[in-house]
Amino acid sequence: MAKIQVKTKINGEETEFLCQPYDTVLDVLRRDLNMTGTKEVCSSGDCGACSITMDGRLVCSCLVLAAETEDKNIETIEGMAKNGKFNVLQKTFLEHAALQCGICTPGMLVAAKSLLEKNTNPTETEIRYWLAGNLCRCTGYDKIVKAVQAAAEEMRENA
Amino acid sequence: MNEIDNKWIGKNTIRPDGADKVTGRAEYAADTIMPGMIWGRVLRSPHPHATIKSINTKKAEELDGVFSVATSADCVDFPVDTPVLLGIQDIRWMARNVLAKEKVLFHGHPIAAVAARTEEIAEKACELIEVDYDIHPWAIEIDDAIKPDAPILHDFIKFDGKPSNIAGTLEHKKGNVEEGFKEADIIIEKEFETAAVHQGYLETHACLVSVSPDDRTTIWSSSQGQFMVRAMTSFITGIPQSSIRAIPAEIGGGFGGKTIVYLEPVATILSKKSGRPVKMVMTREEVMRASGPTSGSKSKVKIGAKNDGKITAAQGTFYLQAGAFPGAPIRGAAGCCLAPYDIPNAHTFGYDVVSNRSKVAAYRAPGAPIGAYAVECVLDEVAEQLKMCPLEFRLKNAAKEGTKAVHGPTYPLMGYVETLEACLSHPHYKAPLKKLQGRGYASGFWFNAGGESSAQVNITEDGNVVVTTGHPDIGGSRASIANITAELLGIDVNRVSVLIGDTATIGFSNLTGGSRVLFASALVVTESTNQVIDILKDRASKIWKIDKEAIEWENGQARPAGDNAGNFKPLSLAELADQATPTGGPIGAGHQVNTVGAEGGFATHICDVEVDIELGIARVIRYTAAQDVGKAIHPAYVEGQLQGGVVQGIGWALNEEYIYNKEGKLDNPGFLDYRIPVCSDLPMIDTILVEVPNPKHPQGVRGVGEVPIVPPLSAIANAIYNAIGTRFYSLPMSPPKVLEKISD
């Protein structure tokens, strides 16, 4: 089968790749572009570990075909720290011990960032429902929710 | 060490591996690549129980892009009737679980594997492998496996002299239960069931293996023990341990499920036969079908007590599923279930039952939640009949220092009573409840483990510190090790780097399990650091030309111990490091030992639920977990262990279960149908860290990781009863089951 040529933007960088029609964005990121920060956990859209944003919308990269990313703007965990500085969420996750094994962390951060871009003053319930698609088996979510609350507070103070 | 003066112990420092994990830079096993790498896939059994008559791999081998094929014929042959023990595992079972030999024993059992240019080709080649089966009837549930005419999985396993699926038994006995029950004013006996549940680690099993023509082998894999990976791979492939270097990748959760191998020996065989590095990554479905869940169970518990609330006798019988090969955690069920109590007469039995399910693997306090579930639910009923507060009832019967436990030991100083008292004085205990809300209580115990550990502490040329240990860090243990090292050396924690060595760079260290890692690594790191301090004093003595005994180490500096020692300006770690070469050479020390003195851990939990009687949904609305943690070296990660364990227990109690269909196949092998708790299901999980220091440890550390999963099953069941007046004797208490029982 002939491969498809795709031109897209990943974390602000023009990127070209060849993919099979059945390849997902996750396949291409991890296998072909060696961007392994985005994690593969379920491959069925149930866990959120492969969360990325596409044109600002939070998606599971295992459910989006790579060929669909033509001319899109993709953001992954690798683009979250800017100019060698943590995003506020990365900082509060570390300060609040909001990760244990860390495998859900990239997806959790991408999802939380997407929430705070829309709402810098979410309630605990809003945070819990927004992150309901991001599984974590280690933390019981307590410290994750608190880290998101702390990041939101910091964002409001700095706004 | 004076508690108040602690600068780093007890502080929530930033974990050394944190930056890598929040930026996506941390390398997990599936993130590794090598030049020339090819991909391995596994062919799995479509039947739950069959004899393998023949395997023909010819067509697969001939497919373009295929490099090698592996079957059990490529493995070392371990006769089925001769045990080959490696720790608690038996390699004759492990080898057959990795690649089936005489029989397939569960749907999804690996039969063969292919390495090819791409995963797609390897997958296609697997379909070309021809297997001729003689299909047998199967047994999934315990009752089916132990009935008189049950299909027998392993012909040579005998029970009462006859072939049987009961592969082992265990009992604990204290006093005389018959006499004890005669003394009782009330006796309650109930039967319970729990479903098999999976550890649910998010990272699927993965490895990358490269074998050179001289058999030198490098394994990158996600496991709870690189030395376990090396040993098991060596046994199964026949390559000596000295030729295998197992490198621990970051691990994406294990909870016990990564204490054994699935892929590493297979990838090693495929790499050896192809001459190429082979990468294998399980899918979620493969993890659910063929990696270890923990046992489903059936149990019966009987407890008798006097009217004054004193327990006179207790008896428990626990049947646990082992899956395809022997090894159910009956010790955890029968050994831990009565551990929190001072009971004069007790008798517990455990039965290890094989059936046509995937082989169980350890899961956080293996077996203990099953035992505690039955006992703590019956205790709740006894307390109710006695009209006693469940916590006061437990307090009256609580084990303390000097109590002889049913499972054997006499307890040293420990803090179970303190966890009960902490709950009794917590605001949660007296908080009002609304209609359809209820409160439940339960306690739990886990043994905790010691075992072999190694550490090396090296001073860098610029006077900073690198600590290497041999235990994969899953929950933040590197942060705690950094705290301890910084405290002992009197330097800033950011000057300490903590690494996990591979099997070639650090001495043998037993795996991450049994809540042992911080207990054991703190022991060897403390000894190594103290040796380093001794060397630093020796170097200062050479520079000042005074006795080493006249030098003390304080706040990261060598200084004269008193006025008589002389008047010298203190020498900092950096200054001594700078003078290392002329004063004797590199500064560092290591320590290796079989650690002992890991004392058990106790917890008491309070849980509030609200039951939606229209939908049958029981929802946890408040939770408080009190635990004797010995000494919290990094309190936030200790809290994290409690919170994570509680939430796994909530999943076990309310939703999670392995569901088999009529064909003997798992019907819910993914996170959509096997529902682990999600963020919106839960409240915050409050913790109370009770600190009764372990007297046998330099920092007072006790294992903390496993105890928190023990009480939730019964705390929730007791809370649901308190809410709606209905007792549940079977887990999970999922919406369909709750609805059915309410409408009865």
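No experiment lies behind these values; they were computed from the predicted model shown. (Residues numbered from 1 in each chain as written. Chains lettered and ligands numbered in written order. Predicted model: local features only at pLDDT ≥ 70, side-chain atom pairs only at ≥ 80, totals over all residues. Heavy atoms only, no water.)

A short note on the state of the cysteines
Residues and elements named next belong to chain A. Summed over all chains, the structure comprises zero disulfides over all chains. With no disulfide partner, C19 has as its closest neighbouring cysteine sulfur the one in C62, 16 Å distant. For C19, a relative accessible area of 1% translates into the label buried. Take C60: it sits in no disulfide, and the sulfur closest to it among the cysteines is that of C50, at 4.6 Å. (Disulfide = S-S within 2.5 Å. Buried < 20%, exposed > 50% of the residue type's maximum accessible area, 1.4 Å probe, protein only.)

Quick look at a negative patch on the surface
A cluster of acidic side chains, namely E14, E16, E70 and D71 of chain A, defines a negative patch on the protein surface. Mapped onto the fold, D71 of chain A is located in the loop between β4 (57-60) and β5 (73-75). (Patch = residues over 30% accessible without salt bridge, like charges linked within 9 Å, V, L, I, M, F, W, Y side chains within 5 Å. Areas by Shrake-Rupley, 256 points an atom, 1.4 Å probe, with all protein chains shown as cover. Salt bridge = Lys/Arg side-chain N within 4 Å of Asp/Glu carboxyl O. Lys, Arg positive; Asp, Glu negative; His and termini not counted. Charge placed at Lys NZ, Arg CZ, Asp CG, Glu CD. Helix = DSSP H or I, 4+ residues; strand = E, 2+ residues; numbered from the N terminus.)

Here we look at unusual backbone geometry
Residues and elements named next belong to chain B. Following L731, the chain continues to P732 via a peptide bond in cis, the omega torsion being 0°. Within the fold, P732 resides in the loop between α20 (712-724) and α21 (735-743). Positive phi outside glycine occurs at F255, with the angle close to 55°. Relative to the helices and strands, F255 resides in the loop between β16 (244-248) and α8 (264-274). Look at F255 and you get buried, because its relative accessible area is 13%. A positive phi angle, near 55°, is found at A365, a position not held by glycine. Note on placement: A365 falls in the loop between β21 (345-354) and α11 (368-385). A relative accessible area of 0% means that A365 is categorised as buried.

Details of the domain arrangement of chain B
Residue and element names in this part refer to chain B. You can read the domains of chain B as domain 1 (3-26 + 450-595), domain 2 (32-136 + 203-252 + 258-290) and domain 3 (293-448 + 599-743). Relative to domain 2, the C-alpha centre of domain 1 lies at a distance of 39 Å. Opposite the 21 residues of domain 1 that make contact, domain 2 presents 15 residues. Counting across the domain 1 and domain 2 interface gives three salt bridges. R478 is paired through a salt bridge with E250; the nearest N and O atoms lie 2.9 Å apart. Summed over the shared surface of domain 1 and domain 2, the number is seven residue pairs in polar contact (both at pLDDT 80 or more). (Domains from an automatic or database assignment. Contact = heavy atoms within 4.5 Å. Polar contact = N/O pair within 3.5 Å; in protein donor to acceptor, adjacent residues only side chain to side chain.)

Details of the sheet that holds strand β19 (residues 297-305) of chain B
Residue and element names in this part refer to chain B. Pairing in this open sheet of five strands is mixed, and the strands run β11-β21-β20-β19-β12 from one edge to the other. Two strands bound the open sheet, and with one partner strand each, they are β11 (166-174) and β12 (186-194). Within this sheet the neighbouring strands show an average axis-to-axis angle of 10°, counted without direction. Pairing geometry for β12 and β19, over nine bridges, is antiparallel. Bridge pairing in β19 links E193 to K298. Helix-sheet contacts for α11 involve β12, β19 and β20 (311-323), and the interaxial angle to β12 is about 145°. (Pairing = 2+ DSSP bridges. Axes fitted to C-alpha atoms, helices over the stretch in contact; angles between N-to-C directions.)

Considering the environment of D27 of chain A
All names here are of chain A. By the element assignment, D27 lies in helix α1 (residues 25-32). Once the C-alpha coordinates of D27 and C62 are considered, the two residues, 35 residues apart in sequence, prove to be 7.5 Å apart. Ignoring sequence-local partners within four residues, the contact set of D27 consists of Y22 and D32.

Brief notes about the sheet that holds strand β27 (residues 557-560) of chain B
Residues and elements named next belong to chain B. In spatial order, the strands read β26-β27-β28; together these three strands make up an open sheet with antiparallel pairing. A single partner strand is all that each edge strand has here, and the edge strands are β26 (551-554) and β28 (571-572). Where β27 lies against β28, two bridges are found, and the strand directions are antiparallel. Within the sheet, the bridge partner assigned to Q557 lies in β28 and is S572. In the packing of helix α16 (residues 517-544) onto the sheet, contacts are made with β26, β27 and β28, and the angle to β26 comes to roughly 130°.

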